[in-house]
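So the chains spell out like this:
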Amino acid sequence: MNISARILLPAVAVAAAAFTSCNSSDSGETITTQQLTPCYAVVTDLQTNTVSYCNEVTFKLDLNWSDATSQISVSGLSAAGTTLPTFTLPELPWSVNATSDQAYAGWGTVKASMLMVTAGYTDYSISNFALNWVDRLSMGPAMGVPGLYWPGAVYSMTIDGRYRVVGARAPYMLFGKTTSTGPDGKSWDNQKPYYQVALDFKNMTADLQINDAQFVQGMPAQNMRFLAVPMTIDPATGVISMAIADNAELIPNTVGTGGTYTPQPDFPITGLTATIDPAKGMDINFDCNVRKKAVYNVSASVNYFDYTKLND
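Since the structure is predicted, the reported quantities are computational estimates derived from the model, not experimental observations. (Residues numbered from 1 in each chain as written. Predicted model: local features only at pLDDT ≥ 70, side-chain atom pairs only at ≥ 80, totals over all residues. Heavy atoms only, no water.)

## A look at the pairing of strand β19 (residues 240-243)
So, point 1. Residues I240 and M242 point to one face of β19 and are all buried, whereas S241 and A243, pointing to the other face, are not buried.
So, point 2. Here strand β18 (residues 222-233) runs beside β19; their pairing, made up of 3 bridges, is antiparallel. Paired with M231 across the two strands is M242, which belongs to β19.
So, point 3. Between β18 and β19, which pair antiparallel one after the other, the connecting turn spans 6 residues, and G238 there sits at a positive phi close to 80°.
So, point 4. The pairing of β19 with strand β22 (residues 269-277) spans 4 bridges and is classified as antiparallel. (Buried < 20%, exposed > 50% of the residue type's maximum accessible area, 1.4 Å probe, protein only. Helix = DSSP H or I, 4+ residues; strand = E, 2+ residues; numbered from the N terminus. Pairing = 2+ DSSP bridges.)

Spelled out as structure tokens, the structure:
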């Protein structure tokens, strides 16, 4: 299995992903091309009940907006310790999910119950294929970074009836309300912090960064990073659970220019727990002992869409 030591958390200002549009002059059809990358995969061998990981999966989407069909190719996926050749799915219908289900409302979606593909002179069956993505084209301007394209993507499939695959695009970038509750029981809500999560499959840890973090009202906003938080991934659902030991302290780091880290021992973190549902977002809770004088409880429920409230 192709595993690198860490999926690095890129700087927002230099994040890049392909999203181009073209109009076919021959047919008059409107077709857009984009890539969902990097994606990771959690692969379960259903015969041996073993789980492996890869983190260099790319989905290339050609979306025909005139007849609502898609051409999708998948590269970088591994199974049984071998990277599979790039394979292209048959033409499939796609749509924007209008369901009231909060998980995928407004997402693009492609589904197929059974497909046959040929790659590298080998035939593969793909069952229960599902790909959901959200483009978030307005996220960059909302963050003051015009041109930033940071899609979300969640997918699943079973290959040859043996390899169950679930995965998503990472690092995650999620938005929402953060609530701090002081020792006096008074709470303060803040919409400006946003969260990035990078996954390390070799060590099964996650790096969690809170941008514009403010745990106490009036505290100068700073980018704060929690390094190497232990994690587990449910191989059936893809849900990620992160937690530090009950009696452990985590020393956060502030992030400086050039990606430098400065430990902040006067702000120790305890009781950190977080859960990511790749289709919905993340719930996180921890205690911060501010200057080792007062413990503030910090909680947030963040998602793909609430960047629209950053400047409220």
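## Things to note about the pairing of β22
So, point 1. In this structure, β22 lies alongside strand β23 (residues 281-290), joined through 7 bridges in antiparallel fashion. Looking at the pairing, D277 lines up with G281 of β23.
So, point 2. A loop of 3 residues connects β22 with β23, the two strands running antiparallel in sequence.

## Digging into the environment of F201
So, point 1. On the secondary structure map, F201 appears in the loop between β16 (194-200) and β17 (205-213).
So, point 2. Between the C-alpha atom of F201 and that of C54, which follows or precedes it by 147 residues, the distance is 8.0 Å.

## Side note on the packing of aromatic side chains
In this description, a pair of aromatic rings is defined by centroid distance and the angle of the planes.
So, point 1. Throughout the structure, instances matching the rule amount to 12 aromatic pairs.
So, point 2. Arranged with centres 6.0 Å apart and planes meeting at 35°, the rings of W94 and W133 form a pair that is tilted. Taken as a pair, W94 in the loop between β8 (92-93) and β9 (95-96) and W133 in strand β11 (residues 122-134) lie far apart in primary sequence, 39 residues in all.
So, point 3. With a relative accessible area of 10%, W94 lands in the buried category.
So, point 4. Residue W133 is classed as buried on the basis of its relative accessible area of 2%. (Phe/Tyr/Trp six-rings, centres within 6.5 Å; stacked < 30°, edge-to-face > 60°.)

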